[in-house]
There are 2 protein chains.
Amino acid sequence: MLSKKTQYAFHALIHLAENADKGPILISEIAHEKNISIKFLENILLELKNAGILGSKKGKGGGYYLLKAPKEIPLARIIRLLDGAIALLPCVSLNYYERCENCRDEAVCGLNDVMSKVRDATLKILENKTLKDILTRNVSIL
Amino acid sequence: MLSKKTQYAFHALIHLAENADKGPILISEIAHEKNISIKFLENILLELKNAGILGSKKGKGGGYYLLKAPKEIPLARIIRLLDGAIALLPCVSLNYYERCENCRDEAVCGLNDVMSKVRDATLKILENKTLKDILTRNVSIL
DNA sequence: AAAAAAGTCTATCCTTTTTATAGAGTTTAT
DNA sequence: ATAAACTCTATAAAAAGGATAGACTTTTTT
């Protein structure tokens, strides 16, 4: 299951993308619209900013905005950023690999084998589907 | 990511299946063989017993043993039992569904749509692969 | 220059879940 | 009777998740 953090990030990004034509969007607007605690959302948007996905503008008329086109943001990127590994086991994770401490040889572990298949099937979708693919409203500017 | 509990459960089940011809297996043997805390493993095996997957025998010569053939135990069953939902979002879970609190209408939510596809791809594997499929050693008795 | 609006950043806190341990209790083979 | 093993309940330590507070900085407006 994805953490709340990642779930909130997706909803916030959707809101930012669908309103990209309105300039910077207030955290408070997103929080209200998507029913998320405003302070918690602050942390999340900051992480997305530090990762180069969002930009922000301070002062009056400020807010957050996308730095990249939605179609350039794969869903897998967001999950890895906020949740870490996408794989079900550390020993089959591509980006957060850790050696299995419960089996003698990963090379002949049937569990490793099956979970690699699950990982591949999952990534096939999450690496190819982008923020653009989960938008409801189409904004011409993007 | 699967919890340690589920990971340990898989390794314990593998050990039980691969040694099914030896009669009841001691918790301590599994714990030692798979490098798992014996007391933690106790709880896990008990859960598996209460779910009807394992049987146990008390007293000298006792231990745990499989109640069903490995090919009758889908991996998804174990995950659901110990970890709960397999889906990445509560709003796309078949067995642990919860309404999405961040979007207006799940029916037109793009995120819901993509995550349903991930769920289907994952379940296609985890519902069809069984304990038998992750064994290294083949035990004729099974 | 001052005030107001808005995001930034750090620190802290509370709760829940996860992981792990302890120990008394019960059952069974010998 | 005894020792071997699982059972069960309670507890605790650690990590993660979720949330809050408040001082700080930047920018716009007046």
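For clarity, every value in this text was computed on a predicted model and none was experimentally measured.

Criteria and cut-off values
- Residues numbered from 1 in each chain as written.
- Chains lettered and ligands numbered in written order.
- Predicted model: local features only at pLDDT ≥ 70, side-chain atom pairs only at ≥ 80, totals over all residues.
- Heavy atoms only, no water.
- Salt bridge = Lys/Arg side-chain N within 4 Å of Asp/Glu carboxyl O.
- Helix = DSSP H or I, 4+ residues; strand = E, 2+ residues; numbered from the N terminus.
- Buried < 20%, exposed > 50% of the residue type's maximum accessible area, 1.4 Å probe, protein only.
- Near = heavy atom within 4 Å.
- Polar contact = N/O pair within 3.5 Å; in protein donor to acceptor, adjacent residues only side chain to side chain.
- Domains from an automatic or database assignment.
- Contact = heavy atoms within 4.5 Å.
- Buried area = accessible area lost by both parts, 1.4 Å probe.
- Nonpolar A, V, L, I, M, F, W, Y, C, P; charged D, E, K, R; others polar.
- Least-squares fit on C-alpha atoms with pLDDT ≥ 70 in both.

Quick word on the pattern of salt bridges
One pass over the full model with this rule turns up 14 salt bridges over all chains. The residue Glu33(A) makes a salt bridge to Arg104(B) at a minimum N-O spacing of 2.7 Å. Placement of the pair is Glu33(A) in helix α2 (residues 27-34) and Arg104(B) in the loop between α4 (75-83) and α5 (110-126), with the two residues belonging to separate chains. Residue classification places Glu33(A) among the partly exposed residues on the basis of a relative accessible area of 32%.

Brief notes about the protein's contact with DNA strand C
In the vicinity of DNA strand C there are 27 residues, among which Leu26(A), Ser56(A), Tyr64(A), Ser37(B) and Lys39(B) approach most closely. A share of 67% is what sugar and phosphate atoms reach among the atoms of DNA strand C within 4 Å of the protein. For DNA strand C, a sugar or linking oxygen lies 3.2 Å from a polar atom in the backbone of Gly59(A). Separating a base oxygen of DNA strand C from a side-chain N or O atom of Lys39(B) is a distance of 2.5 Å. Residue assignment for the surface near DNA strand C shows that the elements contributing at least two residues are α3 (38-50), β1 (54-57) and β2 (63-66) of chain A together with α1 (4-18) and α3 (38-50) of chain B.

So, the domain arrangement of chain A
Residue and element names in this part refer to chain A. As far as domains go, chain A holds domain 1 (4-70) and domain 2 (73-126). Between the C-alpha centres of domain 1 and domain 2 there is a distance of 29 Å. Between domain 1 and domain 2, the residue contacts involve 14 residues of the former and 8 residues of the latter. Of the roughly 1,000 Å² buried between domain 1 and domain 2 on both sides combined, carbon and sulfur atoms contribute 72%. For the domain 1 face of the interface with domain 2, the top three residues by lost area are Thr6, Phe10 and Ile53, together amounting to 44%.

A word on the protein's contact with DNA strand D
The environment of DNA strand D is formed by 25 residues, the closest being Lys4(A), Lys39(A), Lys49(B), Ser56(B) and Tyr64(B). Put simply, 67% of the atoms of DNA strand D that lie within 4 Å of the protein are in sugar or phosphate. Within the side chain of Glu42(B), a nitrogen or oxygen atom sits 3.1 Å from a base nitrogen of DNA strand D. Each residue belonging to the surface near DNA strand D can be placed in one class, and the counts come to 7 nonpolar, 7 polar and 11 charged.

What to know about the relation of the copies chain B and chain A
The transformation that overlays chain B on chain A combines an axial shift of 0.0 Å with a rotation of 180°, and the residual RMSD is 0.0 Å. Accordingly, the operation relating the two chain copies is best matched by a two-fold axis. When each C-alpha of chain B is compared by its distance to the rotation axis, Ala121(B) comes out closest, at 3.0 Å. Looking at the interface residues of chain B, 100% of them are also at the interface in chain A, so both copies use one shared face.

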